[in-house]
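Here is how the chains run, residue by residue.
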Amino acid sequence: NTYYATIQAAIDALSTVDGDVIQVCAGTYNEALNINKALTVQGAGLSTTTIDATGKLASAVTITATGSVKLDGFKIFNATTSDGNHFEITLSGGSLGSTIEISNNNIIGAGDADNDDYGFYSGLCSSNLIFRNNTISNCASHSLFLERLLGTSDIKDNTINSRSDAGPAIGLMTYKTSGDPVSN
């Protein structure tokens, strides 16, 4: 086994390749992650493994990999982007046929009603999404927002604790191209 000082260092290592599993030891990691490889990033459990993005001016976790990714077992919070918005987990890019799984996490928004404040945000992603057994709380915008997610979505067994002054807990936005059928 190889040990790294940060989760991002393990992701970025030349020896880390698509399909690898990164086992994260219990502890608090003050960093913002960019998962740009097809990996499993496995925390020791949401009560013992924390991604705290305080001061990083980025989403706490950004997933841009073109293959399948799994993020499991973390408490995730304190994301503030350079424009003052808050995106705890963001998903973009992806690839048809791949799957992004976000499971067993405690995702905590900033509670900032003056800026965008999302627990999970997907923007223009081609991957399939599995979003299960997560708790999302304290988001002043949407706890879960899917914009132009082109793959399938399997969203179940999550707990969303919305703020009383927040927007809808779940937001969906799609774009229809001329000639495309629309159905539900």
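Position labels on residues start from 1 in each chain and follow its written sequence. Local features in a predicted model are, by the rule used here, given only for residues with pLDDT of at least 70; side-chain atom pairs are given and counted only at 80 or more, and totals for whole chains, interfaces and linings are based on all residues. Here the side-chain values reflect all heavy atoms present in the structure, with hydrogen atoms and water set aside.

A. Representation of the packing of aromatic side chains. Ring pairs shown here join Phe, Tyr and Trp side chains whose ring centres sit within 6.5 Å, with only the six-membered ring taken for Trp; geometry is labelled stacked below 30 degrees between planes, edge-to-face above 60, and tilted in between. Under the criterion given, the structure shown has six aromatic pairs. Taking the centre distance of 5.7 Å and the plane angle of 5 degrees together, the rings of Tyr121 and Phe145 count as stacked. Taken together, the residues span a long stretch of sequence, with Tyr121 in strand S12 (residues 117-125) and Phe145 in strand S15 (residues 144-149) at a distance of 24 residues. In this structure, Tyr121 and Phe145 share a single accessibility class: buried. Among the aromatic side chains, those forming a connected cluster through ring pairs are Phe87, Tyr118, Tyr121 and Phe145. Here, a charge over a ring means that NZ of Lys or CZ of Arg falls within 6 Å of the ring centre while also lying within 35 degrees of the ring normal. In this structure, Lys75 packs its charged tip against the face of Phe77, placed 4.9 Å from the ring centre. Comment: elements are numbered from the N terminus, with helices defined as DSSP H or I runs of at least four residues and strands as E runs of at least two. Burial classes follow relative accessibility: with a 1.4 Å probe on protein chains only, a residue under 20% of its type's maximum area counts as buried, one over 50% as exposed, and anything between as partly exposed.

B. View of the layout of surface pockets. Grid points spaced at 1 Å and placed over the protein atoms alone form the basis of the search, with a cavity being a set where a 1.4 Å probe fits but cannot get out and a pocket an open set showing protein on both sides within 12 Å along at least five of seven lines. Lining residues have an atom within 4 Å of a point. Grid points are joined across faces, edges and corners, and a volume is the space filled by probe spheres set on the points. What the largest pocket holds in volume is close to 430 Å³. Listing elements by their share of the lining of the largest pocket, those giving two or more residues are helix H1 (7-12) and strand S1 (21-23). If one sorts the elements of the lining of the largest pocket by residue count, S1 sits on top with three residues. Residue composition of the lining of the largest pocket, by class: nine nonpolar, six polar and one charged. When residues are sorted by character, Ala, Val, Leu, Ile, Met, Phe, Trp, Tyr, Cys and Pro go into the nonpolar class, Asp, Glu, Lys and Arg into the charged class, and all the rest, Gly among them, into the polar class.

C. View of the side chain of Ser98. Tracing the chain through its elements places Ser98 in the loop between strand S9 (86-93) and strand S10 (99-103). The residues touching Ser98, leaving out its near neighbours within four places in the chain, are Thr66, Gly67, Ser68, Ser127 and Asn128. Contact criterion: two residues are considered in contact whenever any of their non-hydrogen atoms come within 4.5 Å of each other.

D. The pattern of salt bridges, seen in detail. For salt bridges, the criterion is a side-chain nitrogen of Lys or Arg within 4 Å of an Asp or Glu carboxyl oxygen. Taken as a whole and judged by the stated rule, the model has two salt bridges. Across the salt bridge formed by Asp154 and Arg132, the nearest N and O atoms sit 2.2 Å from each other. With Asp154 in strand S16 (residues 153-156) and Arg132 in strand S13 (residues 128-132), this pair connects stretches of sequence that are 22 residues apart. On the basis of relative accessible area, Asp154 is assigned to the partly exposed category, the value being 24%. Judged by its relative accessible area of 27%, Arg132 falls in the partly exposed class. Residue Asp165 is joined to Arg163 by a salt bridge in which the shortest nitrogen-to-oxygen separation is 2.8 Å.

E. How the structure looks around the pairing of S13. A pair of strands is treated as paired once DSSP finds two or more bridges between them. Across five bridges, the pairing between S10 and S13 is parallel. Each residue of the ladder has a partner; that of Thr99, found in S13, is Asn128. The pairing of S13 with S16 spans four bridges and is classified as parallel. Across the sheet, residue Phe131 finds its bridge partner in S16, namely Ile155.

F. Main features of the sheet that holds strand S7 (residues 69-72). The six strands lie next to each other as S1-S4-S7-S10-S13-S16, forming an open sheet whose pairing is parallel. The strands lining the two open edges of the sheet, one partner per strand, are S1 and S16. Each adjacent strand pair in this sheet contributes to an overall mean axis angle of 10 degrees, direction not counted. Note that strand S4 (residues 40-42) and S7 share three bridges and pair parallel. Axes here mean lines fitted to C-alpha atoms, for a helix over just the part in contact, with angles spanning 0 to 180 degrees between N-to-C directions.

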